[in-house]
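Examination of the molecular architecture
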Amino acid sequence: MRHFRLAVPLFALCAFGQKPFVEPVRVPDAPRAEAELKDHPDDVVLRTGLIARYYNQAFEAEAAAAQQHRSEHILWLAEHHPEAPVLGQQEGFIGRTFDREGSDSDNRALEAVWRKQIQGDSVPAAVLANAGYFFRTADRELAAGLLQRAIRMDSKEAGYSETLGHVYANAA
């Protein structure tokens, strides 16, 4: 069995009124899951489970290693699956937020990936929204523009408007 049911606390997935980004998964053995990703690198669900696991290890003894693993998975997803829902959530963000800090080099690398992903006119709404989520603290004007484009493309996705609201609220 490759995926296991809920181990990520629901409050971690729903922080600040956010809905869970995917069907929550549990990765009981991170080294085994990391090895499995070598054979199945496009397993977004497994990768998302690892990101959530490492996110929740922020206050444990191996927090630095967990943060590094988490950053690697986030960067990989942003490059290969920029539409992945976790990238539009706190767990999929690298940067200074709350008590967690991403390294400056990881943050710059992720910024470069997002700038590449948003080029062109045919960028999917989910990619624009995820990039908008990333830029919401560093470049609010860019974030707002990306989220507005996403909303025009898919006005039924309430999460895009919610994120845009947070961008505007934090600008004040």
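Conventions adopted
Residues numbered from 1 in each chain as written. Predicted model: local features only at pLDDT ≥ 70, side-chain atom pairs only at ≥ 80, totals over all residues. Heavy atoms only, no water. Helix = DSSP H or I, 4+ residues; strand = E, 2+ residues; numbered from the N terminus. Contact = heavy atoms within 4.5 Å. Areas by Shrake-Rupley, 256 points an atom, 1.4 Å probe, with all protein chains shown as cover. Axes fitted to C-alpha atoms, helices over the stretch in contact; angles between N-to-C directions. Left-handed = near helix turned anticlockwise from the far one by under 90°. Core = buried A, V, L, I, M, F, W, Y, C linked by side-chain atoms within 4.5 Å. Buried < 20%, exposed > 50% of the residue type's maximum accessible area, 1.4 Å probe, protein only. Salt bridge = Lys/Arg side-chain N within 4 Å of Asp/Glu carboxyl O.

So, about the overall build of the protein chain. Looking only at helices and strands, the protein chain features eight helices and zero strands. Reading the secondary structure of the protein chain in the N-to-C direction produces α-α-α-α-α-α-α-α. Taking the intrachain contacts of the protein chain between residues at least 6 apart in sequence as the baseline, contacts between residues at least 24 apart amount to 53%. Surface exposure of the protein chain reaches about 9,200 Å², of which carbon and sulfur atoms provide 53%.

It is worth spelling out the environment of Asp154 at this point. On the secondary structure map, Asp154 appears in the loop between α7 (140-153) and α8 (158-171). When the C-alpha atoms of Asp154 and Ala126 are compared, they prove to be 8.8 Å apart, with 28 residues separating the residues in sequence. In this structure, Asp154 is in contact with Ala125 and Tyr160, ignoring residues within four places of it in sequence.

Relative to each other, helix α2 (residues 30-39) and helix α3 (residues 44-55) sit at 145 degrees, their axes nearing to 10 Å. Here α2 runs over α3; the crossing is left-handed. Contacts between α2 and α3 involve Ala30, Ala33, Glu34, Glu36 and Leu37 from the former and Leu46, Arg47, Leu50, Arg53 and Tyr54 from the latter.

Counting residues in each nonpolar core, the largest one holds 33 residues, and the members touching the most others are Leu77, Leu87, Leu110 and Trp114. Setting aside chain neighbours within four positions, we find Leu110 in contact with Ile74, Leu75, Ala78, Ile94 and Phe134. Core analysis: the next-biggest nonpolar cluster, separate from the first, contains seven residues, Ala30, Ala33, Leu46 and Tyr54 among them.

With that settled, the discussion passes to the pattern of salt bridges. Inspection of the entire model under this criterion finds two salt bridges. Across the pair Arg115 and Asp139 runs a salt bridge, and its minimum N-O distance is 4.0 Å. Of the two residues, Arg115 sits in helix α5 (residues 104-117) while Asp139 sits in the loop between α6 (125-135) and α7, which places them 24 residues apart along the sequence. Taking relative accessible area as the criterion, Asp139 reaches 26% and is therefore assigned partly exposed. Taken together, the shared-partner salt bridges in this structure form one network comprising Glu111, Arg115 and Asp139.

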